[in-house]
Protein chains: 2
Amino acid sequence: MSKQYAIGIDVGGTKIAAGLVDRAGQILCRYTTRAHAQQQPSFVIETIVQTYRAILHQSGIDPAQISAVGLGFPGNTNARTGLVLGSSNLPAWDHFPLRDTVAAQVGLPVMLENDANLCALGEHRFGAGRGTQHMCYVTFSTGYGIGMIINGQLYAGHTGTAGELGHVVINIGGPPCSCGKLGCIMAYASGIGISRMVYEKVDAGVETLLREQLPAPGQRVAAETVALAAQQGDPVASEILRVAGYYAGVGLSMIVQILNPEVIVIGGGLVNIGPLVWEPALAAMHEHTQPELWDSVRIMPWQLGDDLGILGAAANVFAEIE
Amino acid sequence: MSKQYAIGIDVGGTKIAAGLVDRAGQILCRYTTRAHAQQQPSFVIETIVQTYRAILHQSGIDPAQISAVGLGFPGNTNARTGLVLGSSNLPAWDHFPLRDTVAAQVGLPVMLENDANLCALGEHRFGAGRGTQHMCYVTFSTGYGIGMIINGQLYAGHTGTAGELGHVVINIGGPPCSCGKLGCIMAYASGIGISRMVYEKVDAGVETLLREQLPAPGQRVAAETVALAAQQGDPVASEILRVAGYYAGVGLSMIVQILNPEVIVIGGGLVNIGPLVWEPALAAMHEHTQPELWDSVRIMPWQLGDDLGILGAAANVFAEIE
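Residues numbered from 1 in each chain as written. Chains lettered and ligands numbered in written order. Predicted model: local features only at pLDDT ≥ 70, side-chain atom pairs only at ≥ 80, totals over all residues.

### Describing the overall build of chain A
- Scanning chain A for helices and strands turns up eight helices and 12 strands.
- Here chain A has a C-alpha radius of gyration of 20 Å; the compact-globule value for 322 residues is 20 Å, and the two agree.
- For chain A, the spread of C-alpha atoms along the three principal axes comes to 60 × 50 × 35 Å.
- A total of 322 residues make up chain A; the buried ones form 54% of that total.
- For chain A, contacts bridging at least 24 residues in sequence account for 66% of all contacts bridging at least 6. (Helix = DSSP H or I, 4+ residues; strand = E, 2+ residues; numbered from the N terminus. Rg over C-alpha atoms; globule rule 2.2 N^0.38 Å. Buried ≥ 20, exposed ≤ 12 C-beta atoms within 10 Å, placed from the backbone. Contact = placed C-beta atoms within 7 Å.)

Take a look at the structure:
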């Protein structure tokens, strides 16, 4: 096999991370730089191309050995057309031809997919979901969403937007979500939801350590700040994390009830907080899943951690060329 | 082709309906008899076999021209093992080898599947979902659940229980559902839920025509009774149907958000009630679906109506032998 490598590039919330990946899921060379999808498309694309060139330069690899560039983007994408469909948060990207713009500059095929789907592909090929036919990956991070593997393949839906579990309603008439609707799962089970709940408590005058730890006005309270306050014994911080975990677990129950997968892999920064969110999540999953289905599924934490974005983008390339 | 026919047999809530079906979805001969899954397995199996023999006798067909018998059952089933997995409502069927018991008596292969999945297969092959790759069928009837077609094939999940949308929680701590959990979609969006809401209103002393129209103690209030009262101007009956429709529509929004199908076909007896449930269902779907996804899906009523059980069971046979 002459083309046994892929380059995976992950456009994330704070950085662009890239790696040269072989078929065994080894990252042979990596490069990370600051840029993110909130910035102007021209700047992000320039940075993606720089990142690609840095990988070539560092590794000394011949581009002829690279199958394609896998590219992950944190928003709705259409793999067939290569367009970013954008989202309410990213107006500059609306129907932007990201795939073809990057491909023209790197001179290799580029495969575009949204980040949650790539995480599912990455954990399925190289991580906790290896060998399964039907698997879901849950992103429990700044946002909340899923990627689905069905019959061993990524399932992205009719228009590529499947997996928007974070914006499923769970509390009719409930608190506002970043999407503009009310009472979505993500209004609780996400970094965005945690920050919302902190401000709600502080604005209501509740006594909490978090009052002294607020960021600049308009900024999100980091989940790590809340976790630290909880570890210092602040009951308000603990309760906020419990609620976030609980609703993440309600989402797990929906996955089991509707999709009946063999494995659910849950990853993202909030998983790293540990039992403060993990225990209420499992409790909620059991509370809201029919008991006869409890044994049908295994719930596992991610295995690939911070490498998942790169490895998922590379997995998408390897899945396509097989 | 020597074997161009299937026999579809639908074990329903009140009757067993069977038909001889050709590959174009024509029912050439049909036979219906009273028996249902709440009765003892031995009686139900005897009736299934009688029904099969009646079809052979009426049509005069040579069994050598029949590919297989498709058998639909209203509960969890495992297509690979041919077992009914049972449910809390049907203890006598727990792990009952229905497929092989029937096959031994009819002398033909039997293919067992649960009824919601067969409805999806039937509407996909012969009805409103023809030509689609990704489709959901929603049963809005005594219960509430979905069957999924993904990449043109039935998706039943890892253990065959996918599609239990009716027992997804929508109101945490809400009213009891028939499954034993609280606040499920089906506690509202089903014949069972409608009856529950009627008794709740009557027990609370609310003024309503329905008070005079209750069935024998312990019996379910028929949705048709509620629809008639609503048509006679009873605001309580109208409101109950509105709530049932609204939660059915919340379920539609979950399907769009999570599965992003091309078409959702909605069928079952409650669809026949018309705008009193249909309008709040569509309103709720829009309220709880991200606006950028509204145009991604077509919502259609079923086309096959009362024939869907038979045609779905036959479609399962034709799908397998292709």
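### A closer look at the domain arrangement of chain A
Residues and elements named next belong to chain A.
- Domain assignment breaks chain A into domain 1 (5-127 + 306-321) and domain 2 (135-302).
- The gap between the C-alpha centroids of domain 1 and domain 2 is 26 Å.
- Listed as interface residues are 15 residues of domain 1 and, on the opposing side, 19 residues of domain 2.
- Counting residues per element, the side of domain 1 that touches domain 2 draws most heavily on helix α3 (residues 115-126), at seven residues.
- Of the residues in the side of domain 1 that touches domain 2, the class split is six nonpolar, eight polar and one charged. (Domains from an automatic or database assignment. Nonpolar A, V, L, I, M, F, W, Y, C, P; charged D, E, K, R; others polar.)

### Description of the relation of the copies chain A and chain B
- Once turned by 180 degrees and shifted 0.0 Å along the axis, chain A lies on chain B with an RMSD of 0.0 Å. Put plainly, the chains are arranged around a two-fold axis. Considering only C-alpha atoms, the part of chain A nearest the rotation axis is Ile170 of chain A, at 2.7 Å.
- Most of the interface of chain A is mirrored in chain B, where 100% of its interface residues again form contacts. (Least-squares fit on C-alpha atoms with pLDDT ≥ 70 in both.)

### Details of the sheet that holds strand β1 (residues 5-11) of chain B
All names here are of chain B.
- Taken in spatial order, the five strands line up as β3-β2-β1-β4-β7 in an open sheet, and their pairing is mixed. Each of the sheet's edge strands pairs with one partner strand only, and the pair in question is β3 (27-34) and β7 (110-114). Taking each pair of neighbouring strands and ignoring which way they run, the sheet shows an average axis angle of 15 degrees.
- Helix-sheet contacts for helix α2 (residues 98-106) involve β4 (66-73) and β7, and the interaxial angle to β7 is about 150 degrees. (Pairing = 2+ DSSP bridges. Axes fitted to C-alpha atoms, helices over the stretch in contact; angles between N-to-C directions.)

### Side note on helix α5 (residues 223-231) of chain A
Residues and elements named next belong to chain A.
- Those residues of α5 that fall on the buried side of the exposure criterion are Ala223, Val226, Ala227, Ala229 and Ala230. Projected down its long axis, α5 shows its buried positions confined to an angular sector of 160 degrees, all on one face.
- Lining the buried residues of α5 we find α4 (191-203), α6 (235-259) and α7 (275-287).
- Taken from the residues just after α5, Gly233 is the one with a positive phi, measuring 95 degrees. (Arc of directions from axis to C-beta.)

### Brief notes about the interface of chain A and chain B
- Tallying the contact residues gives 29 residues for chain A and 29 residues for chain B.
- Per-element tally for the side of chain A that touches chain B: the top contributor is α6 of chain A, with six residues.

### So, unusual backbone geometry
Residue and element names in this part refer to chain A.
- With a phi close to 55 degrees, His95 is a non-glycine residue in the positive phi region.
- Of note, His95 is situated in the loop between β6 (83-86) and α2 (98-106).
- A count of 11 C-beta atoms within 10 Å places His95 in the exposed class.
- The backbone phi angle of Asn151 is positive, close to 50 degrees, even though this residue is not glycine.
- Among the secondary structure elements, Asn151 is positioned in the loop between β9 (144-150) and β10 (153-155).

### Concerning the pairing of strand β9 (residues 144-150) of chain B
Residues and elements named next belong to chain B.
- Most of β9 is tucked away, with seven of its seven residues classed as buried.
- Side chains Tyr144, Ile146, Met148 and Ile150 of β9 all project onto a buried face; the interleaved residues Gly145, Gly147 and Ile149 project onto the opposite face, where all are buried too.
- With six bridges connecting them, strand β8 (residues 135-140) and β9 associate as antiparallel partners. Residue pairing for β9: Tyr137 is matched across the bridge by Gly147.
- Between β8 and β9, which pair antiparallel one after the other, the connecting turn spans three residues.
- Where β9 meets strand β10 (residues 153-155), three bridges bridge the pair, whose relative direction is antiparallel.

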